[in-house]
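Chain and residue survey
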Amino acid sequence: MAVRLAWVLMSAPVLLLDGASMWFRSYFGVPTSITGPDGRPINAVRGFLDSVATLITQHRPARLVVCLDLDWRPQFRVDLIPSYKAHRVTEEPSPVGADQGDIEEIPDDLSPQVDMILEVLGAFGIATAGAEGFEADDVLGTLADTERNDPVVVVSGDRDLLQLVADEPEVRVLYIGQGLKKATLFGPAEVAERYGVPANRAGDAYAELALLRGDPSDGLPGVPGVGEKTASAMLIQYGSLERILTAAHDPKSAMPKAFRAKILAATDYIEAAKPVVRVARDAPVHLFTADDTLPLLAADPARVAELAEHYGLGSAIARLQKALDALPN
């Protein structure tokens, strides 16, 4: 244990940021009265860049990737659970010539700010990544699952990502659902304690807990009549969803009759929901930069200066550069 602890302390982590989660929270957490020289809101950009600077200062990573939603509502998940994120689909028609897939309902003055954020990240040379046909969750899951050199810290306000926690290789989730100042760092032990799931497989068990109880924020109905406490108790008793299903189909098992009936009635839903709830670990991730090394200096200083002046982001960009300056060479 002492050897492993020393390795963790000496190894700079890889920071994997849930881009959409962070700029949505920045948009709603920073006043829209913050505008650029042309009067356009830049609150999400300011909040996002300040959050990245804070995370760099706190975690001192050598590598960092901002993960993107190239498909916020993948068809393979909708085919299995039609209600998946259906409540987030805008009723506005798609623009002429645009992809006719579902359009996510987001504030009108946030979309332009996402473009600004990506411009700034590109000028700095900070890595971004995405996967066609997959959500940012799947990009985060794939990058975390394939990392073999350094400990990983996933940053998100989405509790779904708690299923990624692991000790070997080391993956932690910094949950920012209540803001960065109240962020909570989760590993397997913390997930097991907070949500009452088996500690020896806390990440996978959390996904199974979410499947059983449902998740209104994602349009997942869950098993009717099964709440979080019941799901937790059954997972602790049986160890996994698969063992719950086995016991439910075994008339000789000691499973409570009422719970057995609910599980058997929801068998089709459970099977369909498994690949919907579970974050993909094998998405075709594409890195939009040469590598994920966190640059100490902007890749294109002239472009950064131009963006700072054009959008009125001088102070936020200065804070980001100050955080980079403090990293070891």
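Residues numbered from 1 in each chain as written. Predicted model: local features only at pLDDT ≥ 70, side-chain atom pairs only at ≥ 80, totals over all residues. Heavy atoms only, no water.

**Concerning helix H8 (residues 202–213)**
Over its 12 residues, H8 extends 16 Å from the first C-alpha to the last, a length consistent with the 16 Å expected when each residue adds 1.5 Å. Summarising burial for H8: 11 of the 12 residues are buried, a large majority. Contacts from the buried residues of H8 go to helix H7 (188–195), helix H9 (228–238), helix H10 (241–248), helix H11 (257–265) and helix H12 (267–277). Directly beyond the C-terminal end of H8, a positive phi value near 85 degrees is found at Gly214. (Helix = DSSP H or I, 4+ residues; strand = E, 2+ residues; numbered from the N terminus. Expected span 1.5 Å × (residues − 1). Buried < 20%, exposed > 50% of the residue type's maximum accessible area, 1.4 Å probe, protein only. Contact = heavy atoms within 4.5 Å.)

**Quick word on the sheet that holds strand E2 (residues 63–67)**
Spatially, the 7 strands line up as an open sheet ordered E6-E5-E4-E1-E2-E3-E7, and their pairing is mixed. Each edge of the open sheet is held by one strand with a lone partner, namely strand E6 (184–186) and strand E7 (286–287). Two elements, E2 and strand E3 (residues 127–130), share 3 bridges in a ladder whose sense is parallel. Bridge pairing links Cys67 to Ala129 in E3. Along the sheet, helix H3 (residues 43–59) makes contact with strand E1 (14–18), E2, strand E4 (152–156) and strand E5 (171–175), crossing E1 at roughly 155 degrees. Taken strand by strand, H7 contacts E5 and E6, and its axis lies near 105 degrees from that of E6. (Pairing = 2+ DSSP bridges. Axes fitted to C-alpha atoms, helices over the stretch in contact; angles between N-to-C directions.)

**Comments concerning H12**
Buried within H12 we find Tyr269, Ile270, Ala272, Ala273, Lys274, Val276 and Val277. Looking at the buried side of H12, the elements it contacts are helix H4 (75–80), H8, H10 and H11.

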